[in-house]
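# Survey of secondary and tertiary structure
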Amino acid sequence: MAKKYYIVAEHLFSVDVNDEMFVQMENYEPFAVENVDSISESDVSFSLSIECGINVEYVEETRQDEEGQIIVCGHTVKNQSTFEFILNGLSMGTLLCSPDYKTATIYLAEETSKGANRFAVNNAIMVLYALATARYGTALFHAAVVTYRERGYLFLGKSGTGKSTHARLWLRYNEGSELLNDDNPVVRFFENGAVAKVYGSPWSGKTPCYKNQEFLIGGFVLLEQAPYNKISRLRGVSAYAALLPSISGKRWDKVIADGLHYTENALASHVPVWYLECLPDEAAAKICCEAIT
Amino acid sequence: MKIKKGFVLRDVCGEQVIMGEGIGALDFGRLLCLNETAAWLWTQSELQGDFSVESLADALCEEYDVERDDALKDVALIVDEWKKVNVVE
């Protein structure tokens with residue numbers, strides 16, 4: 001076992017991994033901390049350990065089901081939070097967290113494939129990251145992000161709306177745009193100067209795009225499929241409502257809910273939020289770029 | 001009646017909004033904007049725990065200079081709205 005340190009969106013965390021697991025974590029490499037000697041344990045946002053083959057007993061609270069990927073949220077008799085990750089009906093592992101989400105262990109399911117372990121570890125780190133950083137003006141978004149003229153633009157929407165497709169249309173038709181992340185970027189709001197930034201992350205859905213880069217946010221765009229292209233600005237509660245479903249979190253934990261609400265409110269108040277009804281075509285990318293940049 | 005578990009009143013960009021955050025309220029899937037009176041009544045409902053149109057109207061009369069009949073009418077309208085969207089039981 002070796003302790004590896006990573007920094008994602010300026011939050012430092014550690015993972016205890018064996019060599020076998022480590023070779024599967026190449027998506028974390030751009031975020032690895034080279035100079036480990038300079039690290040102080042008090043700077044670590046959270047630490048994850050990886051164990052094998054122990055069954056965690058828990059009571060289910062609720063579950064989230066997205067395209068066959070299920071996260072079952074629960075708690076143990078000692079009231080520790082648990083998250084079991086299920087893929088295509090098979091349990092991949094269960095995450096057991098301390099109450100403040102600063103330390104946690106992922107118990108991997110026995111006799112599953114290496115891909116299964118990788119799936120469980122990735123999900124465990126994402127869940128833990130979202131929960132441990134929620135109170136620090138940080139939100140893990142479900143979005144595709146492109147950068148254009150030194151600003152990041154996040155495309156939001158329900159699964160299957162075409163976030164990735166719209167991002168690709170930008171790359172093709174809006175010269176100078178680049179993909180920062182295709183699925184799970186991190187967004188932070190800094191009170192000092194009221195600045196919002198988007199960061200690449202080790203999680204990018206089906207597209208391997210793990211960029212350790214940050215950009216000021218130029219805007220959020222909520223996408224909805226339509227037989228025409230039309231863009232309008234959202235403000236106040238409507239802007240907040242557009243951001244809300246794109247942020248993962250355990251909102252029935254008050255500390256988490258308060259933290260996410262603070263971030264959502266700050267973003268809705270300080271960053272432009274748009275509503276794009278669109279076709280998957282060149283005109284959509286052009287109209288959108290024209291309006292928001 | 002009482003406010004269903006998991007519903008909270010929050011300040012969203014300067015507006016008073018009810019949202020579902022607790023287990024069982026996560027599927028609410030909307031934000032309910034309240035005017036000043038409704039937001040005040042919601043806070044009263046939270047304080048009272050088990051409340052009725054009458055108990056809220058009494059509180060309203062104590063706090064503001066309104067006739068009891070008017071208070072009863074106003075409170076009933078607002079509470080009906082809450083029943084309709086299923087945030088009280």
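These numbers were taken from a predicted model, which means no experiment stands behind them.

About the thresholds
Residues numbered from 1 in each chain as written. Chains lettered and ligands numbered in written order. Predicted model: local features only at pLDDT ≥ 70, side-chain atom pairs only at ≥ 80, totals over all residues. Helix = DSSP H or I, 4+ residues; strand = E, 2+ residues; numbered from the N terminus. Rg over C-alpha atoms; globule rule 2.2 N^0.38 Å. Buried ≥ 20, exposed ≤ 12 C-beta atoms within 10 Å, placed from the backbone. Contact = placed C-beta atoms within 7 Å. Domains from an automatic or database assignment. Nonpolar A, V, L, I, M, F, W, Y, C, P; charged D, E, K, R; others polar. Pairing = 2+ DSSP bridges. Axes fitted to C-alpha atoms, helices over the stretch in contact; angles between N-to-C directions. Parallel < 35°, antiparallel > 145°, perpendicular 65-115°, else oblique. Left-handed = near helix turned anticlockwise from the far one by under 90°. Core = buried A, V, L, I, M, F, W, Y, C linked by C-beta atoms within 7 Å.

### Quick look at the overall build of chain A
Helix and strand counts for chain A come out as six helices and 17 strands. For chain A, the C-alpha radius of gyration of 19 Å lies close to 19 Å, the compact-globule estimate for 293 residues. Considering only C-alpha atoms, chain A reaches an extent of 55 × 45 × 35 Å along its principal axes. When burial is assessed residue by residue, chain A has 40% of its 293 residues classed as buried. Contacts in chain A between residues far apart in sequence, at least 24 positions, make up 63% of those at least 6 positions apart.

### A closer look at the domain arrangement of chain A
Residue and element names in this part refer to chain A. Domains assigned within chain A are domain 1 (2-136) and domain 2 (138-292). Contact with domain 1, which involves 19 residues of that partner, is made by 20 residues of domain 2. The element contributing the most residues to the side of domain 1 that touches domain 2 is helix α2 (residues 114-133), with six residues. Looking at the side of domain 1 that touches domain 2, its residues break down into 12 nonpolar, four polar and three charged.

### Some points on the sheet that holds strand β6 (residues 81-87) of chain A
Residue and element names in this part refer to chain A. Here eight strands make up an open sheet; going across it, the order is β1-β2-β3-β8-β7-β6-β5-β4 and the pairing mixed. Because the sheet does not close on itself, it has two edges, and the strands there are β1 (2-8) and β4 (59-66). Here the strands of the sheet are splayed against their neighbours by 20° on average, with no regard to which way each runs. Where strand β2 (residues 11-17) lies against strand β3 (residues 44-52), five bridges are found, and the strand directions are parallel. Bridge pairing in β3 places Leu 12 opposite Val 44. Docked against the sheet, α2 engages β1, β2, β3, β6, β7 (90-97) and β8 (103-108), running at close to 35° with respect to β7.

### As for the interface of chain A and chain B
The interface is formed by 13 residues belonging to chain A together with 12 residues belonging to chain B. Mapped by element, the contributors of at least two residues to the side of chain A that touches chain B are β4, α4 (236-243) and α5 (254-270) of chain A. Take the side of chain A that touches chain B: its biggest share by element is five residues, from α5(A). When the residues that make up the side of chain A that touches chain B are grouped by side-chain class, the tally is six nonpolar, five polar and two charged.

### Focus on the packing of helix α2 (residues 53-63) of chain B against helix α3 (residues 68-84) of chain B
Residue and element names in this part refer to chain B. Interhelical geometry of α2 versus α3 gives an angle of 125° and a closest axis separation of 9 Å. The orientation of α2 relative to α3 falls into the category oblique. For the element pair α2 and α3, the recorded crossing hand is right-handed. Contacts from Val 53, Leu 56, Ala 57, Leu 60 and Cys 61 of α2 reach α3 at Arg 68, Ala 71, Leu 72, Val 75, Ala 76 and Val 79. Class assignment for the residues of the contact of α2 with α3 results in 10 nonpolar, no polar and one charged.

### Topic: the nonpolar core
Soluble globular proteins tend to pack their nonpolar side chains together in the buried interior. All names here are of chain A. Residues Leu 128, Leu 154, Phe 220 and Val 221 are the most contacted members of the largest nonpolar core, which totals 97 residues. When residues in this core are grouped by element, the largest group, 11 residues, is from α2. Both domain 1 (2-136) and domain 2 (138-292) contribute no fewer than three residues apiece to this core. Leaving out residues up to four positions away in the same chain, Val 221 has contacts with Tyr 153, Phe 155, Leu 156, Trp 274, Leu 276, Cys 288 and Ile 292.

### Overview of the pairing of β6(A)
Within a regular strand, the side chains alternate between the two sheet faces. Residue and element names in this part refer to chain A. The buried fraction of β6 amounts to five of the seven residues, a majority that puts the element mostly inside the structure. Alignment of strand β5 (residues 69-75) against β6, held across seven bridges, turns out to be antiparallel. Each residue of the ladder has a partner; that of Gln 69, found in β6, is Leu 87. Between the end of β5 and the start of β6, which pair antiparallel, lie five residues, with Asn 79 showing a positive phi angle near 65°. Pairing of β6 with β7 involves seven bridges; the strand directions are antiparallel. Residue pairing for β7: Phe 85 is matched across the bridge by Gly 93. Hairpin connection of β6 to β7: two residues between the antiparallel strands, including Asn 88 at a positive phi of 50°.

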